Amino acid sequence: MAAAAAPPGAGCSPAGGGSVPVLFCFSVFARPSTVPHGAGYELLIQKFLSLYGDQIDIHRKFVVQLFAEEWSQYIDLPKGFVVSERCKVRLVPLQIQMTTLGNLTPSSTVFFCCDMQERFRPAIKYFGDIISLQGARLLGIPVIVTEQYPKGLGSTVQEIDLTGAKLVLPKTKFSMVLPEVEAALAEIPGVRSVVLFGVETHVCIQQTALELIGRGLEVHIVADATSSRSMMDRMFALERLARTGIIVTTSEAILLQLVADKEHPKFKEIQNLIKASAPESGLLSKV
């Protein structure tokens, strides 16, 4: 690492001319690269953009942080920092204030249904309580569905009608954020919010949510429609995700927020759907 005003112990390679190795971290990614000896803040930002430009929302504000060995954690980049030794830096999006988050509208929302497959049914707690995609269909909201290794784990359960889904995609990666999914999102104009549900909360849901917020999208996790084999894994994952600024909410809250008005032409149908499926899904044990 290095630099004027930088704390001791944050770097390990000797200073010198030429290029200096730097590990650039963003969201769940980490890519090694090099920068010229003496590079400062602006060059680091340029390098982040060159490495992750397709994933960074340039309209958001960011802070660059440096890993300090002295503290064994990241610290805000010291004033006047220049790279003179090998170091690790990360780009962190500044959280938008909560008062500006969560205003769901059908025109800017997409639903993500994660791995609701037959082989998971006997293992996942409260699997039967997870509601269908009927609400999304009623409101004309695009739906993206993934299936984890369907050859071995089966297809999406029959209770979830995939008619009209924008994309149904097999995967082996835990996160739903695949090139095909990103391409599908790019085809939907004005997408700002993702409503995410399925299994498992602490694996595929968590990794998907973290990647999505790393791309500047607002994520709403439907707590009563998201579960794991272990309630401990499920609850710790929901708590962790809430601390990152992801909105953890319920199916009824989501649907009524999207309807917004009793006079909405689909209100009665959504109301009937809510009455028919208002699961507790084991969440009350946490209250």
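You'll find the structure just up there.
Since the model is a prediction, treat every value here as computed from it, not as a measurement.

Asker: Please clarify how the sheet that holds strand β4 (residues 73-76) should be interpreted in this entry.
Answerer: The strands making up a sheet associate through hydrogen bonds between their backbones, and the pairing can be parallel or antiparallel. In space, the five strands of this open sheet follow the order β2-β1-β5-β3-β4, with mixed pairing throughout. The outermost strands of the open sheet, each flanked by one partner alone, are β2 (29-36) and β4. Along the sheet, successive strands turn relative to each other by an average axial angle of 35°, direction set aside. Here strand β3 (residues 62-68) pairs with strand β5 (residues 87-93) via five bridges, running antiparallel.

Asker: Even after reading the chapter, I still don't get the sheet that holds strand β7 (residues 143-148), so can you show me in this structure?
Answerer: Read across the sheet, six strands follow the order β8-β7-β6-β9-β10-β11 without closing on themselves; strand pairing throughout is parallel. The strands lining the two open edges of the sheet, one partner per strand, are β8 (167-171) and β11 (247-249). This sheet shows a mean twist of 20° between the axes of neighbouring strands, independent of strand direction. Packed onto the sheet, helix α4 (residues 179-186) meets β6 (109-114), β7 and β8 and runs at close to 165° relative to β8.

Asker: Help me understand helix α6 (residues 231-243), please; the structure alone is not making it clear to me.
Answerer: Owing to its 3.6 residues per turn, the α-helix brings residues three or four apart onto one side. Spanning 13 residues, α6 covers 18 Å between terminal C-alpha atoms, matching the ideal 18 Å at 1.5 Å per step. Within the span of α6, buried status applies to R234, M235, A237, L238 and L241. Projected down its long axis, α6 carries its buried residues within an arc of 160°, all on one side. Of the exposed residues in α6, the ones pointing more than 90 degrees away from its buried face are M232, F236 and R243. Its buried side turned inward, α6 meets α5 (201-214), β10 (218-227) and β11. Its side-chain oxygen placed 3.2 Å from the backbone nitrogen of M232, S230 serves as the N-cap of α6. With its phi angle positive at about 100°, G245 sits one or two positions after the end of α6.

Asker: Sorry if this is basic, but what is going on with the pairing of β7 here?
Answerer: Within a regular strand, side chains alternate between the sheet's two faces. In terms of residue burial, β7 counts as a mostly covered element, since six of its six residues are buried. Residues V143, V145 and E147 point to one face of β7 and I144, T146 and Q148 to the other, with burial holding for every one of them. Two elements, β6 and β7, share four bridges in a ladder whose sense is parallel. Residue pairing across strands places C113 opposite V145, the latter belonging to β7. With five bridges connecting them, β7 and β8 associate as parallel partners. What sits directly across from Q148, in β8, is K171.

Rules of the game
- Residues numbered from 1 in each chain as written.
- Predicted model: local features only at pLDDT ≥ 70, side-chain atom pairs only at ≥ 80, totals over all residues.
- Heavy atoms only, no water.
- Pairing = 2+ DSSP bridges.
- Helix = DSSP H or I, 4+ residues; strand = E, 2+ residues; numbered from the N terminus.
- Axes fitted to C-alpha atoms, helices over the stretch in contact; angles between N-to-C directions.
- Contact = heavy atoms within 4.5 Å.
- Expected span 1.5 Å × (residues − 1).
- Buried < 20%, exposed > 50% of the residue type's maximum accessible area, 1.4 Å probe, protein only.
- Arc of directions from axis to C-beta.
- Polar contact = N/O pair within 3.5 Å; in protein donor to acceptor, adjacent residues only side chain to side chain.

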